[in-house]
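# Structural features, examined
Read off the chains here:
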Amino acid sequence: MRARTEERPDVGEAAVPAAENTVPTPTPTPARGVVPGSVVPAWREGLEVSALSPDYQRITAVLIASRKALTCKELAAEFGVEPVAAKVEGLRWKANRLVRRGWLVKNPSGRFALTAGVRGGGS
């Protein structure tokens, strides 16, 4: 077998001279918005549900509409999701994350409710 060689120009030959007195163009930055899977912000007075990603907004919207504390199995039923362990545990994980960030409270019975002062405004 014969070794295959390719001709490549020297880096110096391919370089384009930089123009003098050039002004750097600003690089556009992506808009900051709610992104699925983004970090859950800590709740504080005045922060609305719309600050949460869509999955977390859905959980809070169901709790706002129900006006009572719900179990994860009840949340799953409200979402129209089969109450199988994998789905319920996924909801429980997200609800517990909302508890840790101050959006929800968890009763000793395992039911989740909105923290007093949390307002709607989500999708």
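Above this text sits the structure in question.
These remarks concern the structure in this document. (Residues numbered from 1 in each chain as written. Predicted model: local features only at pLDDT ≥ 70, side-chain atom pairs only at ≥ 80, totals over all residues. Heavy atoms only, no water.)

## Side note on the pattern of salt bridges
- Per the stated rule, a full pass over the model turns up 3 salt bridges.
- Here K94 ties to D55 by a salt bridge, and the two come within 2.8 Å at their closest N and O atoms. On the criterion of sequence distance, the pair formed by K94 in helix α4 (residues 85-100) and D55 in helix α2 (residues 54-66) is long-range, its members being 39 residues apart.
- Given the relative accessible area of 38%, D55 is considered partly exposed.
- The partner of R111 in a salt bridge is E74, and the shortest N-O contact between them spans 2.7 Å. With a gap of 37 residues between them, R111 in the loop between β1 (104-106) and β2 (112-114) and E74 in helix α3 (residues 72-79) connect regions that are remote in the sequence. (Salt bridge = Lys/Arg side-chain N within 4 Å of Asp/Glu carboxyl O. Helix = DSSP H or I, 4+ residues; strand = E, 2+ residues; numbered from the N terminus. Buried < 20%, exposed > 50% of the residue type's maximum accessible area, 1.4 Å probe, protein only.)

## A closer look at α4
- Its 16 residues give α4 an end-to-end C-alpha distance of 22 Å, which sits within 8% of 22 Å, the value for a rise of 1.5 Å per residue.
- V88, L91, A95, N96 and L98 are the residues of α4 that are buried. Along the axis of α4, the buried residues cluster in a sector spanning 150°; they form a single face. Within α4, the exposed residues directed more than 90 degrees away from the buried face are A85, A86 and R100.
- At its buried positions, α4 is contacted by α2, α3, β1 and β2. (Expected span 1.5 Å × (residues − 1). Arc of directions from axis to C-beta. Contact = heavy atoms within 4.5 Å.)

## Some remarks on the nonpolar core
- With 22 residues, the main nonpolar core has L52, I59, L75, L98, W103 and L104 as its most contacted residues.
- Mapped onto this core, the elements with two or more residues apiece are α2, α3 and α4. (Core = buried A, V, L, I, M, F, W, Y, C linked by side-chain atoms within 4.5 Å.)

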